[in-house]
Amino acid sequence: MADDKIMNEVDGPNNNDENKSSDNNDAASDIATATDSYEDDEYDDDDLSQDSYQDDDRGRPLPMPPLKYARIMGSLPRDKNKHTLSCALSVKVTCSTMGRVVIRPSADDKSHHHHASISDSAGAGGTAGVHIAEYEDDEDADRSLTKVFHVIAMGFQDGTIRLVDASSGGSVLFGSSLEDGGAWFVNPTLANKRPEDPDNEIVALSFDSSTSYLCALNVRGDAAIFGPLEWGRRSQKVTVADATKEGAQRQQQGLFAAFVGGGTSDERKDTNVDNRETANRVLRPPFALNKPPTSTVRFSYADQQEGCHPVCMALDPAYGRRKERAVLVGFNDGRLIFSKLQGGGVTAGVTSFFGGAAAASTVKKSDSVIYQGMGASSVTSGDKFGIEAIAWRGGLVAWADSSGVRLFDIENMSRIAHIDRPTGARSNLYPTISSLRPSILFERSDSLLIGWGDCLMSMVIRDTKSSAVTKDGSTPKEIKKKAVDCTMAWELDCVACSVVPLDEKHVAVLGLVPSAGSSSSSIDVTAESGFGDSQLAGGDNVIELQVINREDGKSVSNDSLPLVEQVYTNSVDNSMKRIRTGNASEFTLLSSYAVSRMDDLAEWEALDDGERAIIEREADAFGVRRTDKSVSKTFSELHQRWDMTNDVCSSGKEILEDSLAFDDKKDDESTSSQSSSCSDNYVFALSEPINPEILSSDLDHSSRSSPPIMTVVYSYDACLVQTRDVDDVVSYARSMGKSALALKYALAHRRDMRRHELDLLVDNYFSALLRLSSHHAEGKALSFSRVKIAAESLPILLGGDSRMWQRWIFMFARIPGGLFLIRQKIPVRDPHLPTYVFEMTLEKMLEETVNHRSQGNTISGENDVNNAASDKMTDLFLETLRSWGPTSYLRKRIQMQRYYSQKSRNNSPAATFIKQAEKDLQRRISQTAFGVLSDANDSASKIEDITTRQAIDASKDSLFDVDNLIEKFSSRLQLNDKSTDRDHLSSNIFVGRNSDITIIFANAELEMMREKFDRALGYYLSIGSSFMTESLPILEETAVLTVNHSQEKLALAEVTGTKYDHVLSLIEMHQLHYILLNRNYSLVDKFIVEPPIVALIMLVGLSKAGSFLMDCLSPPDTKSDADEEMENTNTSNDSNLPLDAIAAQLASRPKLLYWFLFQVFTKRPDMYVKFPTTSVPPLNITNLHRKQFSLFLDYANESEGEVISEPIASTSVIIDADSPFMSFLRATIPHGGVDAITVRERLGSYRGGRVDNPVFARELAFVTEKFGKGTIEEAKEVLNLYLLGAKNLSMAVAFAERDSKHSKDLWKILVEHCTISDPSSDASEKGALFGSLLEAAAHCGADLSSLVSSIPEGMSIQGLRPKLIAAIADYRHKVRIHEYTADALSEDKVGLLRELCHLSRRGERSAEKKVREDAHKKDVHSSKPSLLQMQRMKSSAATMRHPNAFSLSIR
C-alpha cells in the first residue's frame, strides 16, 4: 500500500540539476510559486519525485503516468502556524465550481499592445502596495490573440466566496492584493458574524456558460447573482513595494474587501499579517476582473418551512443571453424549485455592497416546484436525502435524489426518464465511508455522465417520433418524444465522488478506495506521510483519481492523492484507535471539460468569426459536412477534440518503446569504428527534420483542443491535476538516461516547454554522446562514429548560440582529433565568436599534429601510415588556418594558384585547392546560423553586413590575431639562446634544427597574411632546405635520367606534389627573386644549409623549377664591383636570375647542375650557345661549357648501354639522331670553350683506347668526323667506331655514303665486314647481315647494283628478291615526288610571270606619274628582286603543299 500511495508529482525546487527553471518564463514561475508540489524536503527524491520513475520487478522502466499533481497555494487561506508543518486550509471549503473565461481582443488590442501601470493608494498617507507593469518579454502582454483561462469559485464555511485562477490559485477579484485574495459575501449583513457560524456556509455555486454571472447560495437560503463579470488580462510581472506604514496597507486591503463583499473580518486581517512573509513569492494570474460587478442581484429562500434549507443549485447556462432568467434550487426536503427572476438593477447591487439590506424586494422572483422527492424526515441511513445534485444544459435538466436520477425537459416542462439508483450507491455497504453523493453532468448536449457509488454510467438522450391513433380515423398525429439509452455502465473498484469526461474514450473518476486496515495502520500511514501534524484526508480510505476506458471499463491510470486534513489539537479522536470514515461529498473533481455550457447551436452562435473559422477548418480536415448544426454538434465539445492517446501525455509510451529498442543494442566500444550502434537515438538531428512549429492550445490556433485542467477540491485542501506536458516527457526520457530522445522531443515541442532549457538539454545530449560525464562514460571507450555524429550535429543543435559554441569547441578540444572533425562546422560569421576561440582551436590542432608526427617517428613498422596521417593532419590544419585568416589573403591565394595554373597550362592540380578556397571564402561572406538555438545578444542583425565588394578590400577581418599567433607559433621553432635576431619585422628568419614542418608552414602562411612576403618565402625555402633532404638523392637521380633520356620524367620528378606550387607565383608576383640569390633563412645548429635554388627545386620538383628558372633566367652579370654597389638598392626589384649565379649555387649538387645546364642548353640556346650580338662568347659561358663537358663525362654514361646502343642488324630509319652529349658538342665546340682536340683526347682516354668499347663511341666518331683532318685513317676510325663501338650498321652506311672522298674504300670495308667479319659464323648469319646492309644502302640512296655484284658466291640471303623490289619501288617513288615538285614549281613560275605582265600593262594617273618616275629612278632594279622574292614565296608555298617533297640526287 505504501507504493500505491506514492503519487506522480511535479518537479520540485530541489531538482535544480535535472530541471533549471527559466527566469524569463512567467508561466513556469507561476506554477513554481503559486502551487506547491507533493515533493517535500523530507521526501526521498528517488521515491516521490515526479521525475523519478519506478521500474518493474525486472528492472525495466514503467510507462510514464499520464497525469501530474500539485497542491494549489496562491491566495487560498491556508494554515501558517510556525509550530506545525500543516498546510491545510484554515477555512473549510463547502462547495466549488469552475468557469471558462474567454478573453477576446478588442479593436485597440489588435492594433497595439496595451501597457498599463496600476497603483492603488489607501487614501491619505497611503502607499502603493502592488505595482503592475507589463514588459515586452511578457508572453501574456500580446493582447491581439484570443486567450482562454479557467477560474474556480470556492465557497467557504465562513460565508465567503473566493475567485481564484485554476492553475495558480491566485485571486482574480478586482482590487485584491497578493496577501489577501479578497472575498464576496452572499449576504453582507453576515460579514461581521463569527466565521464558524453555520448560517454563513455557502452550499452551492454556479456559473453561466460565459462565466459572466456567478450565482451563490448559502445555507440560510440567501442567494446572490454577481454580474456581469468583465474579465481582462493583466501582466504577471509584479513588484511588491515594502509598506512603510502597516496600518495604511491594512486599510487598503479592507477597503476593497468591504467594497466588494461588505466588510473584512478581524480573522482575515490577522491572517493577512501572518501571510505577509509569503506575499513576495505569489504571482498574479494572467487575468482578473477589470471592475466590480455593475449589478448584483440578491434574493432569498428564507421563507421556506423550518428545518428546510437549500443543498444544491444550478444557474441557467444561458442566463446572460435570456430576458427571462432562471435558476434551479434543490432542498433537503426533496423539493426542486424553478425560480424565474425579473428586475434587479444597479440600485440593488450598489446598496448591497456597503452592507445594505438583502434587496429581495427589488427583484421579482416567481418560484414553482417541479419535483417533490423524499424529504429529510425519512433518513434511515448515512446516505444524504433530498435533491443531491443538479445538472442543466440547454433545455435538459437532470437531478438526483435518493430514488435515482431524473431527466426533465425544462422548455416543455415535461419528464423524460427516471434512472434508478445503482445498487452499489449505498453508504452502508462501505464501513469506511460515511456518506455518498452522486455526480451528474451533461458531457454533451445529448449525453449525461453519471457516477454514483461504484457505478459509472452514460446516458444518451435522443429524439423519437410516434403516431397517435385517432378515434375518427383521421390522419394520425405525430408525437415527438425524447428517449434515453444507456451507452455505458461499468462497476468501479472505488466509490465515485466525482466524474468528468477526459476525452471521447476516457473518463476521469475521483473516488475513495475503502481500506481494510485497522486504525493502527492508518496512524502509521499518517506518520509516514511527511506532512507534520497533518492527517491525510479520507479517513481509512485511499483517495484515487482513476482514468477509466469507456469501452471496457478498465482503469488506465490510478493515482492516489495525499490530500491533507485539518488538525484539531484538542480532539481526542486522533488518539482513539477506531475506524476513521470518509465523506464522499467532501471531494469534488472540477474540469475545464465540465463547465457550464448551453446547447450546441447556442454555443456555436456565441463564437466569433475567427473561432468559427478554426473549427470549420478542422471539420474540413475530418470530412464533416459544413453545416452549422453538424459542425457545432461534432466539434463544439472540447473533450471530443482532444485525444489523450495522441497527446503529449501519451508520448511517454513512445519514449519507453524507443528506449527499450535502443537498450537492446550494444555500443561498439572500438575507438576506430566508423559506424557503431548507439544506445540512444543520437542521429535524429541528422536523419529527421526538426519542426519547431508547434500547434498552440485553445481557440487562437487551428488545432485540436488543449488538454483539460482539473482540480480536486477537498474541504481542507485543493490539488491541481494536469496531463503530462512536454517538460514531463523530457524529464521521463532523461530519467531513463536517454538524453537524445529527450532532446528530440523537446525540439519538436520547444514552444511548449516551460521548465527545461533547451541549451541544457543540448549539453546533456553531447555529454552523453561523447561520454564526457562519469555517468555515461563508465569506462567505455569513445568510438569514432560518436564523435562524427556529434560533429555533424553541432551546427544543427547549437545554431546561433555563441555561448554554447564556445563551450563545445573547448569540450571538443579535449577529444584527440575532435577539432579536426568540427573545423568546418565552427561558425565564421554567424554567430560571432571571440578571437581567443579560434586561436585556441588552431593552437590545439597544431599541437596534436606535432605530437602525432613525433610519436610516429618512435613507432617502427608504421612509418608510412603515420606519415600519411601526419601529412593529412597538416593539410587540414593549414586549410583551417587559411580559411580563418583575412579574406583578402584567401583571394590572394586563389590568385596565386590561378596565376601558376594559367602559366603552366595545367589546371588540374590547382583546381582542387581553388575550389576549396572559394568555398571557404563564400562561407566567410555568407555563413548564417540555421540551428535550433539562438542568442539574443549575438543575433544575426548585429553582424556586419559584408558584401562581396567590401570583402575584396578586407585585410583586417581575420578571425584571430595574426601577430599574436605568429608570436605563439614562433616560440615553437626551438631556437636556442645563441640565435641572435628574432625580430619579426626584419626579412631574416631563424628555424631550429628540430622544428616541425607544420609550424614552419604555418608561420609562412601567417607572414603572408600580414604581407611579409620575403619572410614567408624564407620559411618555405627553409622547409625545402631542412625537411626534404631524404628525397634529395631521388631528385638527383631523376635529374640525371632526365638529361640522358632527353625527356621529362614527371612521375619521378614530382616528388613533392602540388602543395608548394604557389611559392613560384609568390616569387613572380612580388618580385622576390633576390631572395633566391641572397639567402634570408638560417637553420640553427645545422652546419649544412642548402642554397635557395636547391631548396626551391626540392619544394616544387624538377619540371616546375626548370620552367620557372628558364623563364627568369638572365645572362651572366658582367658588371664591375662598383656597378654592383651602386645597384644594391635596386636588387629587390630585379626579377632576373643570372645564369652564373644559379650555377654557382648548384655547384654543391653536381647532378642538379648537370640537369640545369642541359635545360639552359635546350630551352635557352640564345643565352648559352647562340650569341646574335657578338661573335665571341662571354668568358662565364665558356667556363660553363667546360664544366658541362666534364659533367657529361661523369653522368652521361650512367645508362649508356640502355639508351644509345643498337644491335648491328638494326634497320632503323633514324640514322642521324644525336645524343644529348653529341648535341652539346656540336653546339659548343665552335665557340672554343671546349677544344675538339681536347675532346678527342679525353674521350679516347675515357674509352681506354679500345675500338669495340661502346662508351662514347658515337660522340668520338662525331668529333673525329666533323673536326678531324679528313684523312683515310680518320675515316676508317670513324667507320670502325660505328660498326664495332656503337654497333650500328645504319650509321656506318650513312657515314660511308656521306664521305664522298673515301666512299669507295669505306664501302669495301663495309662489304668485307658483312661477308668475312666473323669466319666462325655460318652462311645464314652472314646472309642476314648482308641483307641488313642492302636495306641500309637502299635507305641512304646508295648504288645497289654494286652491292649486289659484291655478294659472294654461295651466300644465302633470305628475302633478297623482295628487298630489292622494295628498294627499287622506293627509289621510283622518290623520283616521282621530285618530278611532281618540279612541275608544281614550274606552274608557280608561269603564274607569277603572268601576274607581273598584267601589272606592267596597267594604266597610271598623270598626277602620280612624276612621283612614280622619281621612285623608279631611285630603285632601277627594284622589279627584278621583287620577282625573285615572289618566286621564293611561291616555292615555299609549294613545299608547304607537298610536305614529303625533297631534292634527290641520283647517281
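### A few points about the overall build of the protein chain
1) Next: Counting secondary structure elements, the protein chain contains 50 helices and 40 strands.
2) Next: The buried share of the protein chain, reckoned over its 1451 residues, is 52%.
3) Next: Taking as baseline every contact in the protein chain between residues at least 6 positions apart, the subset at least 24 positions apart corresponds to 73%.
4) Next: With an accessible surface of roughly 67,200 Å², the protein chain has 49% of that area assigned to carbon and sulfur atoms.

### Quick look at the environment of Met64
1) Next: By the secondary structure assignment, Met64 is in the loop between helix H2 (45-48) and strand E2 (67-72).
2) Next: Linking Met64 and Ser731, residues 667 residues apart in sequence, is a C-alpha distance of 10.0 Å.

### Observations concerning the sheet that holds strand E9 (residues 202-207)
1) Next: Sheet architecture is open: four strands sit in the order E9-E10-E11-E15, paired in antiparallel fashion. Only two strands of the sheet have a single partner each, and these edge strands are E9 and strand E15 (295-300). The mean angle between the axes of side-by-side strands here comes to 15°, regardless of whether they run parallel or antiparallel.
2) Next: Examined bridge by bridge, strand E11 (residues 222-227) and E15 share six bridges and lie antiparallel to one another. Bridged to Gly227 within E15 is Ser295.

### Side note on the packing of aromatic side chains
1) Next: Tallied over the full model, the rule gives 34 aromatic pairs.
2) Next: Considering the side-chain rings of Phe810 and Tyr836, the 6.4 Å spacing of their centres and the 45° angle between planes classify their relative orientation as tilted. Taken together, the positions of Phe810 in helix H18 (residues 802-812) and Tyr836 in helix H20 (residues 835-857) put the pair 26 residues apart, joining distant regions of the chain.
3) Next: According to the relative accessible area criterion, Tyr836 is partly exposed, its value standing at 44%.
4) Next: With a centroid separation of 6.5 Å and an interplanar angle of 80°, the aromatic rings of Phe1158 and Phe1192 are classed as edge-to-face. With Phe1158 in helix H36 (residues 1150-1163) and Phe1192 in helix H38 (residues 1179-1195), this pair connects stretches of sequence that are 34 residues apart.
5) Next: Sitting above the plane of the Phe156 ring, Arg162 keeps its charged end 5.6 Å from the centroid.
6) Next: Here the basic side chain of Arg335 rests over the ring of Phe331, its NZ or CZ set 4.8 Å away from the ring centre.

### Structural notes on the packing of helix H42 (residues 1257-1267) against helix H43 (residues 1272-1285)
A pair of packed helices is captured by two measures, namely the crossing angle of their axes and the spacing between those axes.
1) Next: It is the contact of H42 with H43, at a shortest axis distance of 9 Å, that shows an interaxial angle of 160°. Taken together, H42 and H43 sit at an angle that is classed as roughly antiparallel. H42 and H43 meet at a crossing whose hand is left-handed. Facing H42, whose interface residues are Ala1257, Leu1260, Ala1261, Phe1262, Thr1264 and Glu1265, H43 presents Glu1274, Glu1277, Val1278, Leu1281, Tyr1282 and Gly1285.
2) Next: When its residues are assigned to classes, the contact of H42 with H43 shows seven nonpolar, two polar and three charged.

### Things to note about the sheet that holds strand E23 (residues 414-420)
1) Next: Taken together, the four strands give an open sheet; going across it, the order is E20-E21-E22-E23, and neighbouring strands pair in antiparallel fashion. The strands lining the two open edges of the sheet, one partner per strand, are strand E20 (389-393) and E23. Across the sheet, the mean angle from the axis of one strand to that of its neighbour is 15°, orientation sign disregarded.
2) Next: In the sheet, strand E21 (residues 396-401) pairs with strand E22 (residues 404-409) via six bridges, with the strands oriented antiparallel.

### Section: the pairing of strand E30 (residues 541-549)
1) Next: Across the nine residues of E30, nine count as buried, placing the element largely inside the fold.
2) Next: Here E30 shows a buried face lined by Asn541, Ile543, Leu545, Val547 and Asn549 and a second buried face lined by Val542, Glu544, Gln546 and Ile548.
3) Next: By the bridge criterion, nine bridges tie strand E28 (residues 506-514) to E30 in an arrangement that is antiparallel. Bridge pairing in E30 links Pro514 to Asn541.

### A look at the confidence of the model for the protein chain
A low pLDDT means the predicted coordinates there should not be read in detail.
1) Next: The predicted model of the protein chain averages 74 in pLDDT, with 67% of residues at 70 or higher.
2) Next: Across residues 37-49, where pLDDT falls below 50, the model places 45 contacts with residues more than four positions away in sequence or in other chains.
3) Next: Every residue in residues 1048-1055 is under pLDDT 50, and counting partners more than four places away or in other chains gives 19 contacts.

### Things to note about the pattern of salt bridges
1) Next: A complete count under the given rule lists 46 salt bridges for this structure.
2) Next: Put simply, Lys291 and Glu230 hold a salt bridge, and the shortest N to O gap is 3.3 Å. With Lys291 in the loop between strand E14 (287-289) and E15 and Glu230 in the loop between E11 and strand E12 (231-233), this pair connects stretches of sequence that are 61 residues apart.
3) Next: A relative accessible area of 32% places Glu230 in the partly exposed class.
4) Next: The partner of Lys340 in a salt bridge is Glu324, and the shortest N-O contact between them spans 3.9 Å. A residue pair is termed long-range when its members are at least 10 positions apart, and Lys340 in strand E18 (residues 335-343) and Glu324 in the loop between strand E16 (310-315) and strand E17 (325-331) qualify at 16 residues.
5) Next: On the basis of relative accessibility, which here comes to 41%, the residue Glu324 falls in the partly exposed class.

### A look at helix H45 (residues 1303-1316)
1) Next: Across its 14 residues, H45 extends 20 Å between first and last C-alpha, which sits within 8% of the 20 Å expected from 1.5 Å per residue.
2) Next: Those residues of H45 not exposed but buried are Ser1303, Leu1306, Trp1307, Leu1310, Val1311, His1313, Cys1314 and Thr1315.

### Re the packing of helix H25 (residues 962-970) against helix H26 (residues 997-1009)
1) Next: Two elements in contact, H25 and H26, have axes whose closest approach is 10 Å; the angle formed by their N-to-C orientations is 155°. On the basis of the axis angle, H25 is roughly antiparallel to H26. Where H25 crosses over H26, the two elements pack in a sense that is left-handed. Note on element contacts: H26 touches H25 through Ile999, Ala1002, Asn1003, Leu1006, Glu1007 and Met1009, opposite Val962, Leu965, Ile966, Phe969 and Ser970.
2) Next: Tallied by class, the residues present in the contact of H25 with H26 amount to eight nonpolar, two polar and one charged.

### So, the pairing of strand E27 (residues 477-501)
1) Next: Relative to E28, E27 runs antiparallel, the two being bridged by six bridges. The residue bridging Ser498 from the neighbouring strand is Leu510, located in E28.
2) Next: In this structure, the hairpin formed by E27 and E28 is closed by a connection of four residues.

### Describing unusual backbone geometry
1) Next: For the peptide bond that leads from Gly227 to Pro228, omega is -5°, which places it in the cis range.
2) Next: For the bond from Asp830 to Pro831, the omega torsion is 0°, close enough to zero to count as cis.
3) Next: Along the chain, the position of Pro831 falls in the loop between helix H19 (818-822) and H20.
4) Next: A positive phi is found at Thr211, a non-glycine position, where the angle reads about 55°.
5) Next: Here Thr211 lies in the loop between E9 and strand E10 (214-218).
6) Next: Since its relative accessible area comes to 0%, Thr211 is described here as buried.
7) Next: With a phi angle near 55°, Phe1256 is a residue other than glycine that sits in the positive phi range.
8) Next: As for its placement among the helices and strands, Phe1256 is situated in the loop between helix H41 (1236-1247) and H42.
9) Next: Under the relative-accessibility criterion, Phe1256 is labelled buried at 0%.

### A look at H43
1) Next: Taking 1.5 Å of rise per residue, the 14 residues of H43 would be expected to cover 20 Å, and the 19 Å separating its terminal C-alpha atoms lies within 8% of that figure.
2) Next: When H43 is considered as a whole, its buried residues turn out to be Glu1274, Ala1275, Val1278, Leu1279, Leu1281, Tyr1282, Leu1283 and Gly1285.
3) Next: Next to the buried residues of H43 lie H41, H42, helix H44 (1289-1298) and H45.
4) Next: Looking one or two places after H43, you find Lys1287, whose phi comes out positive at around 55°.

### Quick look at the side chain of Ser883
1) Next: The residue Ser883 is located in helix H21 (residues 863-884) in this model.
2) Next: In this structure Ser883 comes out as buried when scored by relative accessible area, which is 10%.

### Regarding the environment of Ala70
1) Next: Of note, Ala70 is situated in strand E2.
2) Next: The class for Ala70 is buried, based on a relative accessible area of 3%.

The rules we used
Residues numbered from 1 in each chain as written. Predicted model: local features only at pLDDT ≥ 70, side-chain atom pairs only at ≥ 80, totals over all residues. Heavy atoms only, no water. Helix = DSSP H or I, 4+ residues; strand = E, 2+ residues; numbered from the N terminus. Buried < 20%, exposed > 50% of the residue type's maximum accessible area, 1.4 Å probe, protein only. Contact = heavy atoms within 4.5 Å. Areas by Shrake-Rupley, 256 points an atom, 1.4 Å probe, with all protein chains shown as cover. Pairing = 2+ DSSP bridges. Axes fitted to C-alpha atoms, helices over the stretch in contact; angles between N-to-C directions. Phe/Tyr/Trp six-rings, centres within 6.5 Å; stacked < 30°, edge-to-face > 60°. Lys NZ or Arg CZ within 6 Å of the ring centre and 35° of its normal. Parallel < 35°, antiparallel > 145°, perpendicular 65-115°, else oblique. Left-handed = near helix turned anticlockwise from the far one by under 90°. Nonpolar A, V, L, I, M, F, W, Y, C, P; charged D, E, K, R; others polar. pLDDT = per-residue confidence, 0-100. Salt bridge = Lys/Arg side-chain N within 4 Å of Asp/Glu carboxyl O. Expected span 1.5 Å × (residues − 1).

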